[in-house]
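Given next are the chains, with one letter for each unit.
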Amino acid sequence: MARGLFLTFEGIDGSGKSTQSRLLADALRDAGHEVVLTREPGGSKGAEEIRKLLVEGDTNRWSPETEILLFNAARRDHLERTIRPALDRGAVVISDRFADSTRVYQGAVRADLRQTVDALHDLIIGVEPDRTFIIDMDPEAALKRGLARNSGEDRFEDFGLDFQHRLQTGFRTLAAEYPDRCALIDGNRPPEQVAADILPLALQALA
Ligand code: TMP
């Protein structure tokens, strides 16, 4: 398969990963690369429709098991229609979240379901990013920032501060599990400083 480069950003809600995804996309475009900036849940028409089901409404709207199925349904559509075609033509794909979010949110924090998450991932998705940037940020500041947006997409923020602390631990554990792929980046700094750490790692992955 002709291949571009697949980069992902991960982190707790409000960690600044969407800003960092944008900054990296801009920097790589300036360097002359074709960049497809996308996100999960979402990134294709069908997946954006599934997104609304997942991020709006009451915390108890879905069980963790149902969430796993919905996130994977959205991811499969995103992969078929957006990610694979872009990688096949040699583009850089930057996704704001991917399968690591399911490993941490549904596999470790919402419930202890990592085996189910891994089995379904292997069956239905079977793709890993080339490099993943995990933005590590103080949960209290991140939650405040996330809720201040008033986005109407607060279903996961509504699980509360303890949930965000457990997510932070989950992402740190994940970074240790995949040390070659995942870089843990200190997000408690101005965005330009955080971006300055990420760009050289992305350029290294491109080289
Ligand atoms: P976003 O706010 O970063 O766009 O993500 C939407 C929410 O969905 C966020 O709270 C994290 C959550 N999420 C999961 O729980 N599992 C997943 O697999 C993904 C992709 C996101």
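Just above sits the structure.
What you are looking at is a predicted structure, and each value in this text was computed from that prediction instead of being measured.

Colleague: In this structure, what is going on with helix H5 (residues 114-125)? I would like to understand it.
Modeller: For the α-helix, the turn length of 3.6 residues means that residues three or four positions removed from each other point alike. Counted at 1.5 Å a residue, the expected span for H5 with its 12 residues is 16 Å, and the 15 Å between its end C-alpha atoms agrees. Taken together, the buried residues of H5 touch helix H3 (64-88) and helix H4 (99-109). Positioned one or two residues after H5, Gly 126 has a phi angle of 65°, which is positive.

Colleague: Help me understand helix H1 (residues 17-30) in this model?
Modeller: When the terminal C-alpha atoms of H1 are compared, their 20 Å separation across 14 residues agrees well with the 20 Å that a helix rising 1.5 Å per residue should span. The set of residues buried in H1 consists of Lys 17, Gln 20, Ser 21, Leu 24, Ala 25 and Leu 28. Relative to the axis of H1, the buried residues are bounded by an arc of 135° and lie together on one face. On its buried face, H1 sits against strand S1 (5-11), strand S2 (35-39), strand S3 (92-96), strand S4 (131-136) and helix H8 (191-206).

Colleague: Sorry, what's going on with the pairing of S4 here?
Modeller: For a regular strand, the rule is simple: side chains alternate between the two faces of the sheet. Buried residues dominate S4, accounting for six of its six residues. Side chains Arg 131, Phe 133 and Ile 135 project from S4 onto one buried face, and the interleaved Thr 132, Ile 134 and Asp 136 project onto a second face that is buried too. Relative to S4, S1 runs parallel, the two being bridged by five bridges. Within S4, the residue paired with Phe 9 across the bridge is Phe 133. Relative to strand S5 (residues 182-186), S4 runs parallel, the two sharing five bridges. Among the inter-strand pairings, Ile 135 is bridged to a residue of S5, identified as Ile 185.

Colleague: Would you mind showing me how to read the pattern of salt bridges here?
Modeller: Close approach of charged atoms allows side chains of opposite charge to pair. Counting across every chain of the model gives 24 salt bridges. Among the ionic pairs, Arg 155 bridges to Glu 67, the shortest N-O distance being 2.6 Å. Here Glu 67 lies in helix H3 and Arg 155 lies in the loop between helix H6 (139-148) and helix H7 (161-177), a separation of 88 residues in the sequence. Residue classification places Arg 155 among the buried positions, given a relative accessible area of 0%.

Conventions we followed
Residues numbered from 1 in each chain as written. Predicted model: local features only at pLDDT ≥ 70, side-chain atom pairs only at ≥ 80, totals over all residues. Heavy atoms only, no water. Helix = DSSP H or I, 4+ residues; strand = E, 2+ residues; numbered from the N terminus. Expected span 1.5 Å × (residues − 1). Contact = heavy atoms within 4.5 Å. Buried < 20%, exposed > 50% of the residue type's maximum accessible area, 1.4 Å probe, protein only. Arc of directions from axis to C-beta. Pairing = 2+ DSSP bridges. Salt bridge = Lys/Arg side-chain N within 4 Å of Asp/Glu carboxyl O.

Any functional reading would require information that these geometric values do not contain.
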